[in-house]
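Spelled out, the chains give:
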Amino acid sequence: MIIGAQLLHGLTFGGLYVVSVSYLSEAVDEDLKGLALSLYSINSGIARFLGNYFLGFLVDNYGFVTMYYAAALISAFSIPILVLLSQRDA
């Protein structure tokens, strides 16, 4: 079951990674493209590393319900950022 869930996870979020890299490539100047994509990859890797340990800690100590609520709260932080950036571009 875990291997199947990871397969679905990879298929789902793999597409989001491709779209985000494409969007970032178009959003920055040609001179900064390499730096921007490198910083994006570094930050994504750090976030995955820390997130896996943090959410694993929550599961071990507080259970799956708490972990899902924490993940939802962390994900919700992107909403104000996207709203602010979309207003800036409008």
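Here is what the cut-offs are and how they apply
Residues numbered from 1 in each chain as written. Predicted model: local features only at pLDDT ≥ 70, side-chain atom pairs only at ≥ 80, totals over all residues. Heavy atoms only, no water. Helix = DSSP H or I, 4+ residues; strand = E, 2+ residues; numbered from the N terminus. Buried < 20%, exposed > 50% of the residue type's maximum accessible area, 1.4 Å probe, protein only. Contact = heavy atoms within 4.5 Å.

The subject of this paragraph is the environment of Ile 74. You can see Ile 74 is positioned in helix 3 (residues 64-76). When the C-alpha atoms of Ile 74 and Gly 51 are compared, they prove to be 9.7 Å apart, with 23 residues separating the residues in sequence.

Turning to its location among the elements, Leu 82 is positioned in helix 4 (residues 78-89). By relative accessible area, which is 56% here, Leu 82 ends up exposed. For the pair Leu 82 and Val 59, spaced 23 residues apart in sequence, the C-alpha to C-alpha distance is 29 Å.

For the rest of this paragraph, the subject is the side chain of Ser 25. Structurally, Ser 25 is set in helix 1 (residues 2-27). We classify Ser 25 as buried; its relative accessible area is 18%. Among residues more than four places away in sequence, those in contact with Ser 25 are Lys 33 and Leu 37.

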